[in-house]
Each structure stands twice: as C-alpha cells, then as structure tokens.
Amino acid sequence: MLSIIILFSVTVFIFLILFLIDKSKTMKGLKKGALMFINVLPPFLTILISVSFLLFLLPDEILIKYLGKDSGIMGMIIAALIGSISLIPGFISYPLGKILLDNGVQYNIIAIFITTLMMVGIVTMPIEIKYFGIKVTIIRNFLSFIAAIIIGTLIGVIL
C-alpha cells in the first residue's frame, strides 16, 4: 500500500511540474491518457469478469488437478497451449495470473501461461506471416514456445 501512495505522490508531483511548464501540452496529454484508459477499460473488464465467472463455475479441484501442484509437466503443457492460442493484452494477463495464483496454480505454470501469452501468437500468425514470411513466423513462435517452457521450469526450480 505504501508503494502505491509513493507512486501516486510522485505522479501528482510530476504532473504539477509539467502543468506549470506547459498547461496546454499537459492537458492534451491528460486527455489522451484518459481516452486510452477508456478504450482499454471495456476489454479489460470483459476478460476479468469472464475469467472470474469461469473460475466461479469451475470447481477448484479441476483447476488444481490440471494446473495445480500435482499437474506436473501436463499442467505446464496445458498452460503453454492455452497461452499460445489466447489473445489477451499484457495488462490483463497479470491480474489474471493473480487470480490463478489465488486459486492454487503454481508460479511456474503461471509464468509459462503469461510468457506464451506475450511471446507466442497462434491467433496472430496470419498477420505475422504477411509481414515477416512463414519461415520467420514459425521459427519465432517455436523458439518463443520453447523459451516459455524454459522460463517456467527455471521459475519452478527457483521458487
């Protein structure tokens, strides 16, 4: 909580300095930021509510069985596959990771899920192929998938 107060105080302080330097630019930036926030809020809330609803309906035993402590390599693979085919922005994946953690999912599985979510793009492959070619796209996605598994394994060893 203290870190949030410090961050908020620093933000307000910098805002006031910038406002004193150039009022019009600061207000223009504030309006642009507010519009960005408004544009990001609906998908964020939709996914957060959907995941919360799904986790409410899904018995904890099933979640823990497939992604929990005893899920082992199969849990890692499931998390990697779900992350690879999902199209969720990064700012949504971290609260989702916290929800999964609160439901008994291990750090290494969450790390694999978030890493594949950020680095592997099955859904976006057609666009990537259009701009980078099929060979580069497949190699990049494959190496990203392998890197996500390695990262998750290392986090499992460390934590």
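Note: the structure precedes this text.
Residues numbered from 1 in each chain as written. Predicted model: local features only at pLDDT ≥ 70, side-chain atom pairs only at ≥ 80, totals over all residues. Heavy atoms only, no water.

Attention now goes to the pattern of salt bridges. Counted under the stated rule, the structure contains two salt bridges. The partner of lysine 98 in a salt bridge is aspartate 102, and the shortest N-O contact between them spans 2.8 Å. Residue lysine 98 and its partner aspartate 102 are located together in helix α5 (residues 90-102), separated by four residues, close to a single helical turn. The class for lysine 98 is partly exposed, based on a relative accessible area of 46%. The shortest N-O distance in the salt bridge between arginine 140 and glutamate 128 comes to 2.5 Å. Taken together, the residues span a long stretch of sequence, with arginine 140 in helix α8 (residues 134-158) and glutamate 128 in helix α7 (residues 125-132) at a distance of twelve residues. (Salt bridge = Lys/Arg side-chain N within 4 Å of Asp/Glu carboxyl O. Helix = DSSP H or I, 4+ residues; strand = E, 2+ residues; numbered from the N terminus. Buried < 20%, exposed > 50% of the residue type's maximum accessible area, 1.4 Å probe, protein only.)

Of all hydrophobic cores here, the largest spans 15 residues; its most connected members are Ala79, Leu100, Val105, Ile109 and Phe113. When contributions to this core are tallied by element, the ones reaching two or more residues are α4 (72-85), α5 and α6 (107-119). With six residues, the top contributor of residues to this core is α6. Phenylalanine 113 has contacts with Ala79, Ile82, Gly83, Leu96 and Leu100, leaving out every residue within four places of it along the chain. (Core = buried A, V, L, I, M, F, W, Y, C linked by side-chain atoms within 4.5 Å. Contact = heavy atoms within 4.5 Å.)

Bringing the packing of aromatic side chains into the picture now. In this description, a pair of aromatic rings is defined by centroid distance and the angle of the planes. The tally for this structure, following the rule as stated, stands at one aromatic pair. Taking 6.1 Å as the distance between ring centres and 25 degrees as the angle between the ring planes, the aromatic pair formed by phenylalanine 15 and phenylalanine 19 counts as stacked. With phenylalanine 15 and phenylalanine 19 both in helix α1 (residues 2-21), this residue pair falls four residues apart, about one helical turn. (Phe/Tyr/Trp six-rings, centres within 6.5 Å; stacked < 30°, edge-to-face > 60°.)

Note that glycine 72 resides in helix α4. Between the alpha carbons of glycine 72 and methionine 36 there is a distance of 40 Å; along the sequence they are 36 residues apart.

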